[in-house]
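Chain residues, written in single-letter form:
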Amino acid sequence: MNVTELRPGNYFEDENTLYQVIDILLNKTAMRKMVAKVKVKNVRSGAITELARNSGYDVTLVSVGKRQMQYLYDGGTTLVFMDPETYEQVEISKTTLEREMNFLAPNGTVTINFYDEEILGVELPAKVALEVIECEPGVRGDTVTNAGSKEATLETGLKIRIPLFIEQGEKVIVDTASGKYDKRG
């Protein structure tokens, strides 16, 4: 496939490296060939870079499989996920999922991206419901600081700010992109 035909979200292989297209800018001047400036994410390392290629340059478009899987448990150095249809289980190293672990409650559903048999990563849902396991009691009229919020620890160990009216044991909805409280669950 010609590099100028790439679109955001495409996966391609170039020089034995797997990339995902974030953005593409085509630049054509009167005296030169068209140049494609492609902002890409290295799927294996997570590094974001920009590649500049002339219009005649070809890349190999690849198909990445997506499977809905359920988070089962923490296996020590790995996290264990299961396909709810086939009951097949896969283990993913904790080091590759450091940020995602803050939003993974047991039995939560995620999308896992595969290339051949290699696991590329985990896509979290936009929002997740997590239980508040520890927070200080809110005192009526205690809104002088922090605009009426308090710190809470969720079941995954994530610490966030929540409104004063939420108590220990309640569920809250957390935005996985920002890591902030969204609403009462």
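Right, let's walk through the structure included here.

## Re the overall build of the protein chain
Here's step 1: A count of helical and extended segments in the protein chain gives zero helices and 15 strands.
Here's step 2: The C-alpha atoms of the protein chain give 22 Å as radius of gyration, which overshoots the globular expectation for 185 residues (16 Å, by more than 25%).
Here's step 3: Its C-alpha atoms put the protein chain at 70 × 45 × 25 Å along the principal axes.
Here's step 4: Counting only residues that meet the buried cut, the protein chain has 36% of its 185 residues in that class.
Here's step 5: Put simply, 42% of the contacts in the protein chain that link residues at least 6 apart link residues at least 24 apart.
Here's step 6: With the model as given, the accessible surface of the protein chain reaches about 11100 Å², and the carbon-plus-sulfur share is 48%.
Here's step 7: Here the protein chain carries 22 positive and 28 negative side-chain charges, and the mean point of each set is 8 Å from the other.

## Comments concerning the pairing of strand 6 (residues 65-74)
Here's step 1: The pairing of strand 6 with strand 9 (residues 109-115) spans six bridges and is antiparallel. What sits directly across from lysine 66, in strand 9, is asparagine 113.
Here's step 2: Two strands pair when backbone bridges link them, and strand 6 and strand 7 (residues 78-82) are joined in this way by four bridges, in the antiparallel orientation. Across the sheet, glutamine 70 pairs through a bridge with methionine 82, a residue of strand 7.
Here's step 3: Counted along the chain from strand 6 to the antiparallel partner strand 7, the turn is three residues long, and its residue glycine 76 has a positive phi close to 95°.

## Some words on the sheet that holds strand 7
Here's step 1: With antiparallel pairing, the five strands of this open sheet are ordered in space as 8-7-6-9-10. Edge positions in the open sheet fall to strand 8 (89-93) and strand 10 (118-123), since each of these has one partner strand only. Adjacent strand axes in the sheet meet at a mean angle of 45°, parallel and antiparallel pairs treated alike.
Here's step 2: Relative to strand 10, strand 9 is paired through five bridges, and the arrangement is antiparallel. Considered in strand 10, the bridge of asparagine 113 is made with glycine 121.

## Details of the environment of glutamate 15
Here's step 1: Structurally, glutamate 15 can be placed in the loop between strand 1 (11-14) and strand 2 (17-27).
Here's step 2: Of the residues examined, glutamate 15 reaches a relative accessible area of 60% and is grouped as exposed.
Here's step 3: Each C-alpha atom of the pair glutamate 15 and threonine 60 lies 9.7 Å from the other, and the pair is 45 residues apart in sequence.
Here's step 4: When neighbours within four sequence positions are excluded, glutamate 15 is seen to be in contact with Arg53 and Tyr57.

## Digging into the sheet that holds strand 13 (residues 159-163)
Here's step 1: Overall, antiparallel pairing links the five strands, which are arranged 13-12-11-14-15 in an open sheet. Two strands bound the open sheet, and with one partner strand each, they are strand 13 and strand 15 (180-184). Between one strand axis and the next, the sheet turns by 55° as a mean value, whatever way the strands run.
Here's step 2: In terms of strand pairing, strand 12 (residues 149-154) meets strand 13 through five bridges, oriented antiparallel. Among the inter-strand pairings, serine 149 is bridged to a residue of strand 13, identified as proline 163.

## So, unusual backbone geometry
Here's step 1: The phi dihedral of tyrosine 87 falls on the positive side, at around 65°, and the residue is not glycine.
Here's step 2: By the secondary structure assignment, tyrosine 87 is in the loop between strand 7 and strand 8.
Here's step 3: On the basis of relative accessibility, which here comes to 59%, the residue tyrosine 87 falls in the exposed class.
Here's step 4: The backbone phi angle of asparagine 107 is positive, close to 75°, even though this residue is not glycine.
Here's step 5: Here asparagine 107 lies in the loop between strand 8 and strand 9.

## Some remarks on the nonpolar core
Here's step 1: Among the nonpolar cores identified, the biggest contains 14 residues, and Val132, Leu154, Ile160, Ile162, Val172 and Val174 are the most heavily contacted of them.
Here's step 2: Of all the secondary-structure elements, those providing two or more residues to this core are strand 11 (127-135), strand 12, strand 13 and strand 14 (171-175).
Here's step 3: With sequence-adjacent residues up to four places away left out, isoleucine 162 is seen in contact with Val132, Cys135, Gly148, Ser149, Lys150, Ala152 and Tyr181.
Here's step 4: Within the second largest apolar cluster, 12 residues are counted, among which are Tyr71, Phe81, Val90 and Leu104.

Parameters and conventions
- Residues numbered from 1 in each chain as written.
- Predicted model: local features only at pLDDT ≥ 70, side-chain atom pairs only at ≥ 80, totals over all residues.
- Heavy atoms only, no water.
- Helix = DSSP H or I, 4+ residues; strand = E, 2+ residues; numbered from the N terminus.
- Rg over C-alpha atoms; globule rule 2.2 N^0.38 Å.
- Buried < 20%, exposed > 50% of the residue type's maximum accessible area, 1.4 Å probe, protein only.
- Contact = heavy atoms within 4.5 Å.
- Areas by Shrake-Rupley, 256 points an atom, 1.4 Å probe, with all protein chains shown as cover.
- Lys, Arg positive; Asp, Glu negative; His and termini not counted.
- Charge placed at Lys NZ, Arg CZ, Asp CG, Glu CD.
- Pairing = 2+ DSSP bridges.
- Axes fitted to C-alpha atoms, helices over the stretch in contact; angles between N-to-C directions.
- Core = buried A, V, L, I, M, F, W, Y, C linked by side-chain atoms within 4.5 Å.

Fair warning: the whole summary comes from geometry, so function is off the table for now.
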